[in-house]
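Results of the structural survey
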Amino acid sequence: MSSYSKEREELINRLKRIEGQIRGIQRMVDEDKYCVEVLTQIAAARAALNKVGMSILADHTHGCVREAVAQEEDGDEIIDELMEVIFKFTD
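The present account deals with the structure reproduced in this document.

It is worth spelling out the environment of Ala48 at this point. Here Ala48 is to be found in helix H2 (residues 35-70). Taking C-alpha positions, Ala48 is 17 Å from Asp59, a pair spaced eleven residues apart along the chain. When residues no more than four places from it in sequence are discounted, the contact partners of Ala48 are Ile18 and Gln21.

Here it is in structure tokens:
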């Protein structure tokens, strides 16, 4: 079970809205909209996706990571994994 399972429906709804934003951006490009308008919408979609990612990352840290460290299950390995995903996510 994932740490974000309690928020699963909310995350799915957010991702569906982001999917709609992406389709809107595609439409804007297809309709040859002004560059700044397209870039603004891209920035908004990226921010929304980052918010979803941060929510999942927080749930992972407070759930999976905390549990693994508390049970002393390869605590260093789980922290290394967490750091790796943080670096990927923030790159």
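Still to come is the rest of the account.
As a further point, take the nonpolar core. Leu57, Val65, Ala68, Ile78 and Leu82 form the largest nonpolar core, which has five residues in total. Looking at this core, the elements with two or more residues in it are H2 and helix H3 (75-90). Per-element accounting of this core gives the leading share, three residues, to H2. Beyond its immediate sequence surroundings of up to four residues, Leu57 is in contact with Leu82, Val85 and Ile86.

Looking now at the pattern of salt bridges. In the structure shown here, the tally under the stated rule is four salt bridges. The shortest N-O distance in the salt bridge between Lys33 and Glu31 comes to 3.9 Å. For Lys33, a relative accessible area of 39% puts it in the partly exposed group. When its relative accessible area of 46% is taken as the criterion, Glu31 is described as partly exposed.

About the criteria used
Residues numbered from 1 in each chain as written. Predicted model: local features only at pLDDT ≥ 70, side-chain atom pairs only at ≥ 80, totals over all residues. Heavy atoms only, no water. Helix = DSSP H or I, 4+ residues; strand = E, 2+ residues; numbered from the N terminus. Contact = heavy atoms within 4.5 Å. Core = buried A, V, L, I, M, F, W, Y, C linked by side-chain atoms within 4.5 Å. Buried < 20%, exposed > 50% of the residue type's maximum accessible area, 1.4 Å probe, protein only. Salt bridge = Lys/Arg side-chain N within 4 Å of Asp/Glu carboxyl O.

The values are spatial; any link to function lies outside them.
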